[in-house]
Amino acid sequence: MKGKFLKTISDYISHYKLLKVNGKYLVALSGGADSVALLRVLLTLGYAVEAIHCNFHLRGEESDRDEFFCKTLCNKLGVTFHSVHFDTITYARQHKVSIEMAARELRYRYFERLCQDIDATAICVAHHRDDNAETVLLNLIRGTGITGLAGIAPRRGYIIRPLLGVNRQEIIEYLDSIKQDFVTDSTNLTDNVVRNKIRLHILPLLADINPSVSESIAKTADHVREATKYVESGVKAAVNQICKPTDRGCYISLDELKKTISVKYTLYEILKTYGFNSSQIKQIAESLNVETGKEWHSKTHTTLIDRGHLLIELIDDKDILPLKIYEDGTYIYGREMTFYFLSKQINGNNEVFKKPNCVCLDARNIHYPLIIRKIKAGDRFVPFGMTGSKLVSDYLTDCKMPLFKKRRQLVVTNDEGKILWLVNQRPSNEFCITPSSKKQLIIRFMEVGKG
């Protein structure tokens, strides 16, 4: 048993090229049978390893017992031992996530940092074939995309899983054969969470139909994972063709999107990267024919439909407040915008600016303080070359400006609220240079990375 078990794992490592002979690896050691077996196997196969134990303080004395066991085991085996303590409950409450998710986030964040600190090649975790079967069934029950049916990957980033080729029973038999004890997490023995229900009830029922059910599910997951490579390749090509990046997100032509083989799946692959969940993406996919203005929000981004396009943009951390300008000079507005104000006499030849980010106004009726702000409902101005006033919103609509950009549009006004300049668009006709002008106010606007 021992030799066959070791060979199965060694072959699995070789097949998926998981470990290097000259590498250094961290083993996530909980004290349970799976992680203890992983530590013993990698040592026996000759890999250089160190152990890391996370104490989440969720099970009282049992948590401390596990840490003591792991430390004692590593001392006995001559393995460098690292431990870390987390206030998991407080983290979950503050971040509004489940205890399970909190523990996962804390664990993997620390793993990555420690891996860098000790210059480890990767981190080994003890997921096995039965865990893989549970994950596939769990994803199937919850409703999943094709990647959910691919189960647990042998490698994901800096996390590797050398035990996916063996099951729990084989692990227990291996530990018995080398007379190695382990600890048992009492929470794994109760069916108060969905994964435990699958482990304790559903998989045993399926094993009555097929004793090799975990192996069969693992094979299916592997086939799906390989097929996913083709799907992802095709979707990536479609995404690259229809998704046009912007400095704050991207935009998608709805006509081009509707030409893809699967609108919903293509949309899913795009929007999931911006934090939108499956339910939202389904709503968006079913709403592509609605009129302009419909929008949805993730924690980080907003997406909306605007004149035949789906626009996706980063949500501003906070609204930028109006900025008062008291005299000539350079002013920083927000984090990335700079305004330059300069008053000067007109001596014969007036400066002419051909770029939209510069404007030259008649300073005769312009007096500080001036104000820089975003547009607001009801704003009106007299566009250069016109005699009658026009709503700013109508002017920008006529310019076919996207909604997101319209919301960010800036104006420079006087202290009475009259618009002098619709920034980067057009000055007000009321304040433009005339043949009788003697003094001018030059305003120039710059954004980081733009000239």
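As the structure is a prediction and not an experimental result, all values here were calculated from the model. (Residues numbered from 1 in each chain as written. Predicted model: local features only at pLDDT ≥ 70, side-chain atom pairs only at ≥ 80, totals over all residues. Heavy atoms only, no water.)

### As for the overall build of the protein
Scanning the protein from N- to C-terminus turns up 15 helices and 22 strands. Relative to the globule expectation of 22 Å for 451 residues, the C-alpha radius of gyration of the protein, 31 Å, shows a markedly less compact shape. Along the first, second and third principal axes, the C-alpha set of the protein runs to 100 × 45 × 40 Å. Looking at the protein as a whole, 45% of its 451 residues qualify as buried. Excluding contacts between residues fewer than 6 apart, the proportion of contacts in the protein whose partners are at least 24 apart in sequence is 66%. Carbon and sulfur atoms make up 52% of the accessible area of the protein, which totals about 24,900 Å². For the protein, the separation between the mean place of its 64 positive charges and that of its 52 negative charges on side chains is 5 Å. (Helix = DSSP H or I, 4+ residues; strand = E, 2+ residues; numbered from the N terminus. Rg over C-alpha atoms; globule rule 2.2 N^0.38 Å. Buried < 20%, exposed > 50% of the residue type's maximum accessible area, 1.4 Å probe, protein only. Contact = heavy atoms within 4.5 Å. Areas by Shrake-Rupley, 256 points an atom, 1.4 Å probe, with all protein chains shown as cover. Lys, Arg positive; Asp, Glu negative; His and termini not counted. Charge placed at Lys NZ, Arg CZ, Asp CG, Glu CD.)

### Considering the UniProt feature "domain: Lysidine-tRNA(Ile) synthetase C-terminal" (unreviewed entry) in the protein
Listed under "domain: Lysidine-tRNA(Ile) synthetase C-terminal" (unreviewed entry) in the UniProt record, and renumbered for this structure, are residues 370-443. The span residues 370-443 shows a helical share of 18% and a strand share of 34%, and its end C-alpha atoms are spaced 11 Å apart. (UniProt positions renumbered as here; feature names shortened; annotations may be inferred.)

### Structural notes on the UniProt feature "binding site: ATP" (unreviewed entry) in the protein
Look at the UniProt record and you will see "binding site: ATP" (unreviewed entry) annotated at Ser30, Gly31, Gly32, Ala33, Asp34 and Ser35. When you line up the elements, Ser30 lands in the loop between strand 1 (24-28) and helix 2 (33-44). When residues no more than four places from it in sequence are discounted, the contact partners of Ser30 are Ser35, His53, Asp66, Cys70 and Val183. Within the structure, the side chain of Ser30 is placed 3.1 Å from the backbone nitrogen of Gly32, a separation counted as a polar contact. Within polar-contact distance, the side chain of Ser35 engages the backbone nitrogen of Ser30 at 3.0 Å. (Polar contact = N/O pair within 3.5 Å; in protein donor to acceptor, adjacent residues only side chain to side chain.)

### Quick look at the nonpolar core
If you look at the biggest cluster of nonpolar residues, it comprises 40 residues, and the most contacted ones within it are Leu19 and Leu42. Listing elements by their share of this core, those giving two or more residues are helix 1 (2-15), strand 1, helix 2, strand 2 (48-55), helix 3 (61-77), strand 4 (122-124) and helix 8 (168-177). The element best represented in this core is helix 2, accounting for 7 residues. Excluding residues within four positions of it along the chain, Leu19 makes contact with Ile13, Tyr25, Leu42, Tyr47, Cys124 and Ile160. (Core = buried A, V, L, I, M, F, W, Y, C linked by side-chain atoms within 4.5 Å.)

### Points about the packing of helix 2 against helix 3
Running from N to C, helix 2 and helix 3 cross one another at 10°; their axes reach a closest spacing of 12 Å. As the angle between them shows, helix 2 and helix 3 are arranged roughly parallel. Every pair of crossing elements has a handedness; the one defined by helix 2 and helix 3 is right-handed. Packed against helix 2, whose contacting residues are Val36, Leu39, Arg40 and Leu43, the element helix 3 presents Phe69, Leu73, Cys74 and Leu77 at the interface. Within the contact of helix 2 with helix 3, the residues separate by chemical class into 7 nonpolar, no polar and 1 charged. (Axes fitted to C-alpha atoms, helices over the stretch in contact; angles between N-to-C directions. Parallel < 35°, antiparallel > 145°, perpendicular 65-115°, else oblique. Left-handed = near helix turned anticlockwise from the far one by under 90°. Nonpolar A, V, L, I, M, F, W, Y, C, P; charged D, E, K, R; others polar.)

### Thoughts on the pattern of salt bridges
Taken as a whole and assessed by the stated rule, the structure comprises 21 salt bridges. In this structure, Arg59 and Asp66 form a salt bridge, with 2.6 Å as the shortest nitrogen-oxygen distance. You can call Arg59 partly exposed: its relative accessible area is 24%. Look at Asp66 and you get buried, because its relative accessible area is 4%. In this structure, the salt-bridge partner of Arg407 is Glu295, at a minimum N-O distance of 2.5 Å. You can see Arg407 sitting in helix 15 (residues 403-408) and its partner Glu295 sitting in strand 9 (residues 295-297), a full 112 residues away along the chain. (Salt bridge = Lys/Arg side-chain N within 4 Å of Asp/Glu carboxyl O.)

### Looking at the environment of Thr273
Note that Thr273 resides in the loop between helix 12 (263-271) and helix 13 (278-285). Taking the C-alpha atoms as reference points, Thr273 and Lys2, separated by 271 residues in sequence, lie 44 Å from one another.

### Points about the domain arrangement of the protein
Segmenting the protein into domains produces domain 1 (1-226), domain 2 (247-314) and domain 3 (323-447). A separation of 34 Å is found between the C-alpha centroids of domain 2 and domain 3. Listed per partner, the contact involves 13 residues of domain 2 and 8 residues of domain 3. Carbon and sulfur atoms supply 57% of the area that domain 2 and domain 3 bury against each other, a total of about 760 Å² over both sides. Three residues stand out in domain 2 for area buried against domain 3, namely Leu304, Arg307 and Glu313, and they jointly supply 54% of the buried area on that side. Connecting domain 2 to domain 3 are 2 salt bridges. When contributions to the side of domain 2 that touches domain 3 are tallied by element, the ones reaching two or more residues are strand 10 (301-306) and strand 11 (309-314). Sort the elements by how many residues they give to the side of domain 2 that touches domain 3 and strand 10 lands first, with 5 residues. (Domains from an automatic or database assignment. Buried area = accessible area lost by both parts, 1.4 Å probe.)

### A word on the sheet that holds strand 6 (residues 159-160)
On the basis of which strands lie adjacent, the open sheet formed by 6 strands has the order 3-2-1-4-6-5 and mixed pairing. The strands lining the two open edges of the sheet, one partner per strand, are strand 3 (81-85) and strand 5 (155-156). When strand 1 meets strand 4, the two strands line up parallel, connected through 3 bridges. Each bridged residue has a counterpart across the sheet, and for Val27 the counterpart in strand 4 is Cys124. In the packing of helix 2 onto the sheet, the strands contacted are strand 1, strand 2 and strand 4, and the crossing angle to strand 1 comes to about 160°. Across the sheet, helix 5 (residues 99-117) is in contact with strand 1, strand 2, strand 3, strand 4 and strand 6; its angle to strand 2 comes to roughly 145°. (Pairing = 2+ DSSP bridges.)

### Remarks on the sheet that holds strand 22 (residues 439-447)
Strand order in the open sheet made by the 4 strands is 13-14-22-15, with antiparallel pairing throughout. The two strands at the open ends of the sheet, each matched to only one other strand, are strand 13 (329-333) and strand 15 (358-362). Strand-to-strand, the axes of this sheet are offset by a mean angle of 20°, without reference to chain direction. In this sheet, strand 14 (residues 337-345) lies alongside strand 13 in antiparallel orientation, the contact comprising 5 bridges. The partner of Gly329 across the bridge, within strand 14, is Phe341.

### Re the pairing of strand 2
Judged by how many residues are buried, strand 2 sits mostly within the fold: 7 of 8 residues are covered. In the classification by handedness, the crossover that spans strand 1, the intervening helix 2 and the parallel strand 2 is right-handed. Bridging between strand 2 and strand 3 involves 5 bridges; their strand directions are parallel. Along strand 3, the bridge assignment pairs Cys54 with Val84. (Right-handed = clockwise from strand over helix to strand, strands pointing away.)

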